Number of protein chains: 2
Amino acid sequence: MLGGACTYISLAASYFTPVHIVGVVGEDFRQEDAGLLASRSIDLEGLERAPGKTFFWSGVYSADMNDRTTLCTDLNVFADFRPKLPERYRSQPYLLLGNIQPALQRDVKRQMTGLRLAGGDTMNFWIQGSREELLETIRDWDFLLINDTEARLLSGEYMLRRAAEVILGMGPRILVIKRGEYGAVLFHSAGHFLVPGYLLGRVFDPTGAGDSFAGGFIGYLAEQGAGREAGDRKLRNAVVYGSVMGSFCCEQFGVDRFRTLTRAEIDERFREFKTCTEF
Amino acid sequence: MLGGACTYISLAASYFTPVHIVGVVGEDFRQEDAGLLASRSIDLEGLERAPGKTFFWSGVYSADMNDRTTLCTDLNVFADFRPKLPERYRSQPYLLLGNIQPALQRDVKRQMTGLRLAGGDTMNFWIQGSREELLETIRDWDFLLINDTEARLLSGEYMLRRAAEVILGMGPRILVIKRGEYGAVLFHSAGHFLVPGYLLGRVFDPTGAGDSFAGGFIGYLAEQGAGREAGDRKLRNAVVYGSVMGSFCCEQFGVDRFRTLTRAEIDERFREFKTCTEF
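Computed from a predicted model, the values in this text were never measured in an experiment.

Some points on the pairing of strand β4 (residues 68-74) of chain A
In regular strands, side chains alternate between the two faces of the sheet.
Residue and element names in this part refer to chain A.
Here's step 1: Relative to β4, strand β3 (residues 56-61) runs antiparallel, the two being bridged by 6 bridges. Looking at β4, one finds that Val60 is bridged to Thr69.
Here's step 2: Counting the residues that bridge the hairpin from β3 to β4 gives 6 residues, and of these Met65 lies at a positive phi of roughly 70°.

The structure is reproduced here in structure tokens:
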């Protein structure tokens with residue numbers, strides 16, 4: 001079924017701000033799936049259609065949903081992907097770079113002409129296999145969003161507080177470490193902020209939760225018009241909105257929750273996070 | 001070195017309220033260790049000295065401190081322990097029952113004459129091996145403090161929200177589920193409250209953290225004079241004070257942190273929890 005980082009990020013962000021995507025799909029990409037994105041007013045001009053099949057991933061989750069085993073990763077048209085930005089995308093102020101080869105992330109960022117806030121995601125594969133290229137890439141990012149395992153691998157430190165110090169020393173001014181069902185931690189010059197994970201009644205499918213988090217995070221900041229100098233309060237809210245979007249994503253299979261989700265439900269859950277954590 | 005649930009619970013609680021302990025040690029119990037407890041004004045009248053050796057446990061923690069392997073458990077004098085309450089203990093208003101055979105916990109509670117708030121801890125061993133006896137015991141507890149694995153085992157439910165519903169149906173009106181480094185969750189009739197774990201710079205030794213949590217929790221409620229009808233706000237604060245005490249416990253080996261810890265440091269960390277979680 002429809003999936004992928006760009007899909008989840010754009011769906012989640014679309015509740016907060018207009019979204020323009022850059023990505024590649026194959027000839028098998030369904031019109032119905034493009035229709036879902038379009039129904040959320042996501043700009044598809046940068047969605048390239050290439051000869052061949054769309055990227056495909058399948059996997060199996062452990063009973064507690066905390067681990068997953070990849071059954072199959074077919075790069076297909078993604079293997080030769082070189083992101084091309086439509087001309088009118090270049091002046092956009094907010095940029096979220098999904099998890100691809102760091103050199104490609106750098107190329108995309110270089111094409112942007114008026115960024116107010118830029119950052120992105122990466123993964124073990126690049127941290128271990130393209131470390132220097134990755135370090136060169138994230139050096140001028142405003143924010144980095146990674147999970148705890150990646151933060152430990154990138155920093156060489158086990159304790160998150162120390163890992164964050166090392167990573168902030170690599171360039172990004174804002175670091176968000178995602179901890180799956182246990183929430184997330186924001187680190188920046190004003191200190192750190194801890195948000196616990198939303199207690200779901202059941203987890204149906206955690207696929208895309210981290211990407212939905214990223215979409216909520218950047219979407220909220222864009223809605224607020226926040227730039228590199230975004231204050232602690234706005235960044236905290238962005239992390240909570242990220243958590244909210246990640247929690248909704250898990251409630252149904254794949255992207256299905258986004259077919260019915262409303263902004264009112266999102267704001268209600270934001271308030272619920274406050275109610276459940278304040279003392 | 002000195003250890004055990006009663007030790008950690010009483011040391012942690014002693015920062016909030018006078019503490020009277022009931023327990024058993026052998027002939028090898030060191031005067032210096034009794035001295036540490038006495039230095040915190042802990043009443044040792046109920047500390048029985050029996051012929052033989054003191055209970056002994058040793059284990060090895062995994063590199064990430066989230067798992068431990070028991071190397072050795074010698075029950076020694078604990079094997080035949082029958083708690084005897086000194087006469088003047090019986091009218092105490094607050095009771096925390098450490099993790100022992102549920103029938104013994106029940107006997108102790110029966111001897112108390114003026115309880116305002118009572119509850120305690122249990123473990124896998126009793127949940128699996130003495131289930132009926134345990135259910136009979138916790139039926140009239142005001143609160144139950146257990147970890148996530150125990151909550152899942154006791155309830156038969158994986159998701160904590162469902163597990164809590166099942167456990168609250170067993171009798172306790174207040175349930176606190178401890179999640180190690182990831183914090184804790186309070187469940188009661190007013191809803192639930194999530195507190196993330198304190199982000200330590202390093203973990204030196206997590207032994208006793210859960211018991212220190214329990215001591216901070218009941219100690220704070222006793223200090224506040226809170227009874228069974230304790231409101232949501234007080235219970236939330238109690239869970240945070242529990243988290244504070246658990247976090248300090250990890251900072252040094254064994255009970256060492258309690259040799260220098262002050263109430264001012266405790267209240268400062270309570271404020272730090274607020275600063276790090278509010279939005």
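Right, picking up where we left off after that structure.
Remarks on the pattern of salt bridges
Working definition: two side chains of opposite charge can pair if their charged atoms are close together.
Residues and elements named next belong to chain B.
Here's step 1: Tallying each qualifying case throughout the model produces 46 salt bridges over all chains.
Here's step 2: The partner of Asp232 in a salt bridge is Arg236, with the nearest N and O atoms 3.0 Å apart. Pair noted here: Asp232 and Arg236 are both in helix α9 (residues 232-250), with a separation of 4 residues, about one helical turn.
Here's step 3: By relative accessible area, which is 7% here, Arg236 ends up buried.

Observations regarding a nonpolar patch on the surface
Here's step 1: A cluster of nonpolar side chains, namely Met1, Phe204 and Phe253 of chain A, defines an oily patch on the protein surface of about 330 Å² accessible area.
Here's step 2: One can find Phe204 of chain A in the loop between β10 (191-195) and α8 (209-223).

Observations concerning the confidence of the model for chain A
Any segment with low pLDDT has predicted coordinates that should not be analysed in fine detail.
Here's step 1: When pLDDT is averaged along chain A, the result is 96, and 100% of the positions lie at 70 or above.
Here's step 2: Predicted complex metrics record ipTM = 0.94 and pTM = 0.96.

Thoughts on the relation of the copies chain B and chain A
Here's step 1: Placing chain B over chain A gives an RMSD of 0.0 Å and needs a rotation angle of 180°, together with 0.0 Å of translation along the axis. Taken together, the turn and the small shift mark the pair as related by a two-fold rotation axis. Closest approach to the rotation axis within chain B is made by the C-alpha atom of Pro196 of chain B, at a distance of 2.7 Å.
Here's step 2: Counting the interface residues of chain B, we find that 100% of their copies in chain A are interface residues as well, pointing to one common contact surface.

Some remarks on the sheet that holds strand β9 (residues 184-188) of chain A
All names here are of chain A.
Here's step 1: Pairing in this open sheet of 6 strands is mixed, and the strands run β5-β6-β7-β8-β9-β10 from one edge to the other. If you trace the sheet from one side to the other, it starts and ends with β5 (94-97) and β10, each paired once. Within the sheet, the average angular offset between the axes of one strand and its neighbour, ignoring direction, is 15°.
Here's step 2: One ladder, built from 3 bridges, connects strand β6 (residues 117-121) with strand β7 (residues 143-147); its direction is parallel. By the bridge assignment, Gly120 is partnered in β7 with Leu144.

Notes on the interface of chain B and chain A
It is common to report an interface's size as the accessible area lost on association of the parts.
Here's step 1: In this complex, chain B contributes 37 residues to the contact, which on the side of chain A involves 37 residues.
Here's step 2: The junction of chain B with chain A conceals about 3400 Å² of combined surface from both sides, 58% of it contributed by carbon and sulfur atoms.
Here's step 3: Area buried by chain B at its contact with chain A is led by Tyr182, Leu199 and Phe279 of chain B, which between them contribute 27% of it.
Here's step 4: The tally of links between chain B and chain A comes to 4 salt bridges.
Here's step 5: Ionic pairing is found between Glu272 of chain B and Arg161 of chain A, a salt bridge with its closest N-O pair at 3.7 Å.

Focus on the packing of helix α3 (residues 102-111) of chain A against helix α5 (residues 131-138) of chain A
Residue and element names in this part refer to chain A.
Here's step 1: Between α3 and α5, the shortest axis-to-axis distance is 8 Å and the interhelical angle comes to 20°. With respect to each other, α3 and α5 are oriented roughly parallel. Judged by the twist between their axes, the crossing of α3 over α5 is left-handed. Residue-level inspection shows Pro102, Ala103, Gln105 and Arg106 of α3 in contact with α5, the latter providing Glu133, Leu134, Glu136 and Thr137.

What counts, and where the lines are drawn
- Residues numbered from 1 in each chain as written.
- Chains lettered and ligands numbered in written order.
- Predicted model: local features only at pLDDT ≥ 70, side-chain atom pairs only at ≥ 80, totals over all residues.
- Heavy atoms only, no water.
- Pairing = 2+ DSSP bridges.
- Helix = DSSP H or I, 4+ residues; strand = E, 2+ residues; numbered from the N terminus.
- Salt bridge = Lys/Arg side-chain N within 4 Å of Asp/Glu carboxyl O.
- Buried < 20%, exposed > 50% of the residue type's maximum accessible area, 1.4 Å probe, protein only.
- Patch = residues over 30% accessible without salt bridge, like charges linked within 9 Å, V, L, I, M, F, W, Y side chains within 5 Å.
- Areas by Shrake-Rupley, 256 points an atom, 1.4 Å probe, with all protein chains shown as cover.
- pLDDT = per-residue confidence, 0-100.
- Least-squares fit on C-alpha atoms with pLDDT ≥ 70 in both.
- Contact = heavy atoms within 4.5 Å.
- Axes fitted to C-alpha atoms, helices over the stretch in contact; angles between N-to-C directions.
- Buried area = accessible area lost by both parts, 1.4 Å probe.
- Parallel < 35°, antiparallel > 145°, perpendicular 65-115°, else oblique.
- Left-handed = near helix turned anticlockwise from the far one by under 90°.

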